[in-house]
Amino acid sequence: MKKSINLIALLMLTSVTLSAAPKSADNWDGRRHEVRIGYGDALFEYTERYEFPAIGRQNIDYKYLIGHIFAEYQYSWKWWCSTGLQFDYLQMGWQDQRETPRLNHTYWDITFLPTVRFTYYRHPWVSLYSGLGVGMTINGGTEQDLVRKTSTVLYPTMNLNIFAVQVGQNGFFGTFELGAMVSLLSQHNIIMAGSRLMSLSVGYRF
């Protein structure tokens, strides 16, 4: 069902892109390179990943949770299409209250995502776009995977950018995005499912 909805949305965006082409093409300043850094929420990690059913959540002392810190480079082939590479980092620390002495546990994700972006409206100071990233996440930390008996595991990852608005002039801009990052090996081996729902970033085009 979700795949069908996403396909319909993509087709709608494509039709909007074609209909808006003359005006948006005229408003492109020709800057092909874009670099940006940003921060996204870690709502999924708060609500799902760290339930610790075998230990009991009440025994966990959360020390910190760093949300999604990311950096990206994009190259525009046309006013409406660009591709790039994104780097995303997330980390958490905790202690088990039942351990004596208490140990510092950590968990981190490093994600590499080749990305494609489709801009369907472009104005001299605002742009609207959607996009998709598909890559890999390196999941590691102090804990071992119960199945693989290793502390580092590779997961296929997808980041769906449903809607984004980019505002700025003279190369500098700020962006707000709505989307979802998913990283899993199976329905029972999930590290992200709907993470980074919202993100903010700043960048420069040249």
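Refer to the structure presented above.
Residues numbered from 1 in each chain as written. Predicted model: local features only at pLDDT ≥ 70, side-chain atom pairs only at ≥ 80, totals over all residues. Heavy atoms only, no water.

Caption draft 1: Representation of the overall build of the protein within the structure. The number of helices and strands found in the protein is 2 helices and 9 strands. Ordered by position in the sequence, the α and β elements of the protein form the string α-β-α-β-β-β-β-β-β-β-β. Within the protein, the proportion of its 206 residues that are buried is 40%. Across the protein, the fraction of contacts at a sequence separation of at least 24, relative to all contacts at a separation of at least 6, is 63%. When the accessible area of the protein is evaluated, it comes to approximately 11,500 Å², of which 67% is carbon and sulfur surface. (Helix = DSSP H or I, 4+ residues; strand = E, 2+ residues; numbered from the N terminus. Buried < 20%, exposed > 50% of the residue type's maximum accessible area, 1.4 Å probe, protein only. Contact = heavy atoms within 4.5 Å. Areas by Shrake-Rupley, 256 points an atom, 1.4 Å probe, with all protein chains shown as cover.)

Caption draft 2: Representation of the pairing of strand β3 (residues 81-96). Within β3, 12 of the 16 residues are buried, which leaves the element mostly enclosed by the surrounding structure. Of the pairings in the sheet, the one linking strand β2 (residues 60-76) to β3 comprises 14 bridges and is antiparallel in character. The residue bridging D61 from the neighbouring strand is Q95, located in β3. Hairpin geometry of β2 and β3 is characterised by an intervening segment of 4 residues between the two adjacent antiparallel strands. (Pairing = 2+ DSSP bridges.)

Caption draft 3: Just the environment of W28, in detail. Position of W28 relative to the elements: it lies in the loop between α1 (2-26) and β1 (33-40). Taking C-alpha positions, W28 is 9.2 Å from W80, a pair spaced 52 residues apart along the chain. Excluding anything up to four places from it in sequence, W28 contacts S76, K78, W79 and R122.

Caption draft 4: Main features of the nonpolar core. Counting 10 residues, the largest nonpolar core is built from A42, I60, L65, L90, M92, W94, Y107, V153, Y155 and I191. Of all the elements in the fold, those that place two or more residues in this core are β2, β3 and β6 (153-169). A total of 3 residues in this core trace back to one element, the largest contributor, which is β3. (Core = buried A, V, L, I, M, F, W, Y, C linked by side-chain atoms within 4.5 Å.)

Caption draft 5: Here's a closer look at the packing of aromatic side chains. This structure, assessed with the given rule, holds 4 aromatic pairs. Consider the rings of F172 and Y204, whose centres lie 4.7 Å apart with planes at 50 degrees: the pair is tilted. Of this pair, F172 sits in strand β7 (residues 172-186) while Y204 sits in strand β9 (residues 198-205), and the two are 32 residues apart along the sequence. For Y204, a relative accessible area of 30% translates into the label partly exposed. By way of ring pairs, the aromatic residues F172, Y204 and F206 are connected into one cluster. The ring of Y129 has R117 sitting right over it, with the charged end atom 4.1 Å from the ring centre. Directly above the ring of F70 sits R196, whose terminal nitrogen or CZ lies 4.0 Å from the centroid. (Phe/Tyr/Trp six-rings, centres within 6.5 Å; stacked < 30°, edge-to-face > 60°. Lys NZ or Arg CZ within 6 Å of the ring centre and 35° of its normal.)

Caption draft 6: Structural view of unusual backbone geometry. Cis geometry marks the peptide bond from T100 to P101; its omega dihedral reads -5 degrees. Within the element layout of this structure, P101 appears in the loop between β3 and β4 (105-122). At N170, a residue that is not glycine, the phi angle is positive and equals roughly 60 degrees. Positive phi is not limited to glycine here, since R196 has a value of about 50 degrees.

Caption draft 7: How the structure looks around a nonpolar patch on the surface. Side chains of V35, Y73, F172, Y204 and F206 sit close together on the surface and give an oily, nonpolar patch of about 460 Å² of accessible area. Considering the arrangement of structural elements, one finds F206 in the segment after β9. (Patch = residues over 30% accessible without salt bridge, like charges linked within 9 Å, V, L, I, M, F, W, Y side chains within 5 Å. Salt bridge = Lys/Arg side-chain N within 4 Å of Asp/Glu carboxyl O.)

Caption draft 8: The environment of N139, seen in detail. Looking at the element boundaries, N139 is found in strand β5 (residues 126-141). Residues N139 and Q91 lie 48 residues apart in sequence; the distance between their C-alpha atoms is 9.9 Å. Apart from the residues lying within four places of it in its own chain, the contact partners of N139 are Y107, W108, D109, S151, T152, V153, Y155 and I191. Within the structure, N139 has its side chain in polar contact with the side chain of D109 (distance 2.9 Å). (Polar contact = N/O pair within 3.5 Å; in protein donor to acceptor, adjacent residues only side chain to side chain.)

Caption draft 9: Structural context of the side chain of Q166. Mapped onto the fold, Q166 is located in strand β6. Among the polar contacts listed, one links the side chain of Q166 to the side chain of R205, at a separation of 2.5 Å. Leaving out residues up to four positions away in the same chain, Q166 has contacts with E34, R117, W125, V126, S127, Y129, F173, G174, T175 and R205.

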